Amino acid sequence: MTGCKDSNTAISDSELDAHVGNLVPTVVSLLQRLTSADPTVTHEEDRGSGVKFTSPLSFPDGIGEGSIVCEVFVYRGAVRLDLHIDHNRMFALADGTASERRCYLNDYVASVTLDADQETLPVEFVRGVVAGVAAARDAVRRHNRRAAVPWHEVRVAAQETSLVR
């Protein structure tokens with residue numbers, strides 16, 4: 001082991017950086033499939049060669065704003081992808097204003113670590129993300145359809161500030 005290179009890493013950091021770049025078209029395609037919109041792409045300065053994608057997400061009831069945030073970066077000698085839904089939907093008070101409680105029904109998080117030689121996302125991961133985002137997007141409406149009585153229904157309101165992180 002030397003001070004210049006991590007001896008536990010099978011391939012060099014520059015090769016891993018290239019693999020991050022190779023995943024960009026696959027991630028863009030996934031986000032377009034999820035939101036029918038082109039994502040914005042930024043480079044993550046604090047994560048070295050990481051790339052961050054943000055794609056707008058709408059909810060069926062039209063309340064609040066959301067986005068799918070996806071980060072691809074080098075992590076412990078491999079390439080990692082973290083994806084989550086960021087939104088400003090809060091449980092509503094009786095008067096219809098937003099409470100201090102985030103509507104967790106619309107939350108979704110997914111992550112996968114890829115071997116350095118993988119050029120695409122695993123099919124089962126993509127299926128899980130597509131199903132998970134669809135379920136999170138429709139969670140409030142699905143909950144309310146199952147409510148036996150009106151007072152068991154959930155109401156949401158948009159938080160006045162910017163998106164919750």
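This one's a predicted model, so the numbers in the text were calculated from it and none came from an experiment. (Residues numbered from 1 in each chain as written. Predicted model: local features only at pLDDT ≥ 70, side-chain atom pairs only at ≥ 80, totals over all residues. Heavy atoms only, no water.)

### A closer look at the overall build of the protein chain
For step 1, the next point in the chain: Along the protein chain, the regular secondary structure elements total three helices and eight strands.
For step 2, the next point in the chain: Reading the secondary structure of the protein chain in the N-to-C direction produces α-β-β-β-β-β-β-β-α-α-β.
For step 3, the next point in the chain: Counting only residues that meet the buried cut, the protein chain has 38% of its 165 residues in that class.
For step 4, the next point in the chain: Considering only residue pairs separated by 6 or more positions, the protein chain has 54% of its internal contacts joining residues 24 or more positions apart.
For step 5, the next point in the chain: About 9600 Å² of surface is accessible on the protein chain, with carbon and sulfur atoms providing 51% of the total. (Helix = DSSP H or I, 4+ residues; strand = E, 2+ residues; numbered from the N terminus. Buried < 20%, exposed > 50% of the residue type's maximum accessible area, 1.4 Å probe, protein only. Contact = heavy atoms within 4.5 Å. Areas by Shrake-Rupley, 256 points an atom, 1.4 Å probe, with all protein chains shown as cover.)

### Observations regarding the side chain of serine 99
For step 1, the next point in the chain: Residue placement: serine 99 occurs in strand E6 (residues 98-102).
For step 2, the next point in the chain: On the basis of relative accessibility, which here comes to 12%, the residue serine 99 falls in the buried class.
For step 3, the next point in the chain: Within the structure, the side chain of serine 99 is placed 2.7 Å from the backbone oxygen of phenylalanine 91, a separation counted as a polar contact.
For step 4, the next point in the chain: Polar side-chain contacts of serine 99 include one of 3.1 Å to the backbone nitrogen of arginine 101. (Polar contact = N/O pair within 3.5 Å; in protein donor to acceptor, adjacent residues only side chain to side chain.)

### A word on the nonpolar core
For step 1, the next point in the chain: In this structure, Val72, Leu81, Leu83, Val129 and Val133 are the most contacted members of the largest nonpolar core, which totals 28 residues.
For step 2, the next point in the chain: Here this core takes seven residues from helix H1 (residues 13-35), the largest share from any one element.
For step 3, the next point in the chain: Once residues lying within four places of it in the same chain are set aside, the contact partners of valine 129 are Leu30, Leu34, Leu83, Tyr108 and Ala110.
For step 4, the next point in the chain: Among the nonpolar cores identified, the runner-up in size contains five residues, and Phe91, Cys103, Val154 and Val156 belong to it. (Core = buried A, V, L, I, M, F, W, Y, C linked by side-chain atoms within 4.5 Å.)

### Overview of the side chain of serine 55
For step 1, the next point in the chain: Of note, serine 55 is situated in strand E2 (residues 50-57).
For step 2, the next point in the chain: At a separation of 2.6 Å, a polar atom in the side chain of serine 55 contacts the side chain of threonine 35.
For step 3, the next point in the chain: Contacts of serine 55, omitting those with residues within four sequence positions, involve Leu31, Thr35, Ala37, Asp38, Pro39, Ser67 and Ile68.

### Overview of the confidence of the model for the protein chain
For step 1, the next point in the chain: Looking at the protein chain, the pLDDT average stands at 83 and 82% of residues meet or exceed 70.
For step 2, the next point in the chain: Scored below 50 in pLDDT, residues 1-9 shows two contacts in the model against residues more than four places distant or in partner chains. (pLDDT = per-residue confidence, 0-100.)

### Quick word on the pairing of strand E3 (residues 66-75)
For step 1, the next point in the chain: Within E3, eight of the ten residues are buried, leaving the element largely enclosed by the surrounding structure.
For step 2, the next point in the chain: Here E2 pairs with E3 via seven bridges, running antiparallel. Bridge assignment links lysine 52 to a residue of E3, and that residue is glutamate 71.
For step 3, the next point in the chain: As defined by bridge partners, E3 adjoins strand E4 (residues 78-87) across ten bridges and the pair is classed as antiparallel. By the bridge assignment, cysteine 70 is partnered in E4 with leucine 83.
For step 4, the next point in the chain: Hairpin connection from E3 to E4: two residues lie between these consecutive antiparallel strands, with arginine 76 at a positive phi of about 50°. (Pairing = 2+ DSSP bridges.)

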